[in-house]
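Chain by chain, the residues run as shown.
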Amino acid sequence: MRLALYTGILLAGGFTCLTPALAADPTGDWRVADGVANIRVAQCNGSMWGAVSWEKQPGGRDENNPDVSKKNRPTLGILTLIDMKKKSGVDQWEGQVYNAKDGQLYSATITPAGTDQLEIKGCVMGFLCGGETWTRVGPPIPASPANTAAKGAPKTTGAAPKAAGTAGAAAPAPTAPPKNAAAAAKPGQKGPADPVGDICLLPEIAGFAH
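Residues numbered from 1 in each chain as written. Predicted model: local features only at pLDDT ≥ 70, side-chain atom pairs only at ≥ 80, totals over all residues. Heavy atoms only, no water.

(A) Local environment of unusual backbone geometry. Phi at asparagine 45 is positive, roughly 55 degrees, even though this residue is not glycine. Looking at where asparagine 45 falls in the secondary structure, it is placed in the loop between β2 (37-44) and β3 (47-55). One non-glycine residue with positive phi stands out, namely aspartate 83, at about 45 degrees. Take aspartate 83: it is sitting in strand β4 (residues 79-86). Aspartate 83 sits in the buried class, given a relative accessible area of 17%. (Helix = DSSP H or I, 4+ residues; strand = E, 2+ residues; numbered from the N terminus. Buried < 20%, exposed > 50% of the residue type's maximum accessible area, 1.4 Å probe, protein only.)

(B) Just the pairing of strand β5 (residues 93-99), in detail. Note: β4 against β5, four bridges, orientation antiparallel. Its bridge partner being in β5, lysine 86 is matched across the sheet by tryptophan 93. Taking the residues between adjacent antiparallel strands as the criterion, β4 and β5 are bridged by six residues, where glycine 89 takes a positive phi near 80 degrees. Direction of pairing for β5 relative to strand β6 (residues 104-112): antiparallel, over a ladder of seven bridges. Looking at the pairing, glutamine 96 lines up with serine 107 of β6. (Pairing = 2+ DSSP bridges.)

(C) Up close: the layout of surface pockets. The calculated volume of the second largest pocket comes to roughly 260 Å³. Lining the second largest pocket are Asn65, Pro66, Lys70, Arg73, Leu79, Ile82, Gln96, Tyr98, Gly103, Gln104, Leu105 and Glu204. Listed by contribution, the elements that provide at least two residues to the lining of the second largest pocket are β4, β5 and β6. In terms of residue class, the lining of the second largest pocket is built from five nonpolar, four polar and three charged. (1 Å grid on protein atoms, 1.4 Å probe; cavity = no way out; pocket = protein on both sides within 12 Å on 5 of 7 lines; lining within 4 Å. Points joined across faces, edges and corners; volume = space filled by probe spheres on them. Nonpolar A, V, L, I, M, F, W, Y, C, P; charged D, E, K, R; others polar.)

(D) Quick look at the pattern of salt bridges. Scanning the model with the defined rule gives six salt bridges in all. For aspartate 29, the salt bridge goes to arginine 40, with nearest N and O atoms at 2.8 Å. Here the residue aspartate 29 occupies a position in strand β1 (residues 28-31), and arginine 40 occupies one in strand β2, the gap between them amounting to 11 residues. Here the two residues aspartate 29 and arginine 40 agree in accessibility, since each one is buried. A salt bridge links lysine 101 to aspartate 34, with the shortest nitrogen-to-oxygen separation between them at 3.0 Å. Placement of the pair is lysine 101 in the loop between β5 and β6 and aspartate 34 in the loop between β1 and β2, with a sequence separation of 67 residues. Residues joined in a network through salt bridges with shared partners are Asp29, Arg40 and Asp194. (Salt bridge = Lys/Arg side-chain N within 4 Å of Asp/Glu carboxyl O.)

Printed below as a string of structure tokens:
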């Protein structure tokens, strides 16, 4: 069974300069296999987390979530990779993945494959496993004060996903941005082209109880 995940980022050029030393770094922006969304992966509080940072079709809602109170929340900024811990001795992280296409959580692993691909595999109750490969479209995200202090950070205005109307207007059009666009978008910096910003400041991550 193919694990179809609702995640991704605009395809951008200019990453051929990534060195082999970055091969095991899963942070950055990734475009999912079917191209419907972008995932921003960052290290927050010692774990890897991922959230939707761009949607091909703006204004999506988490309508398949079994929790009725969450069915109307925007999918932009929604968590997809949850509290993924590094496995000892290997460049692999394991935790949970949320699939907004069916509203279910899966046990999952992420494994960098070179500098520009991230393999994600998930299983339901230890079987019915599937996976896909994401393509890097943004450089690795360096550690920052926001990353390391996110757990105690206040719920800053603008850190959480914006309402669908605002998100739809702010999301970039599905065309390649200028080559310097990714370099200009620094962690924690938000603007018309980056409505999500530093995912470590999202309330669900900042307030996560370990």
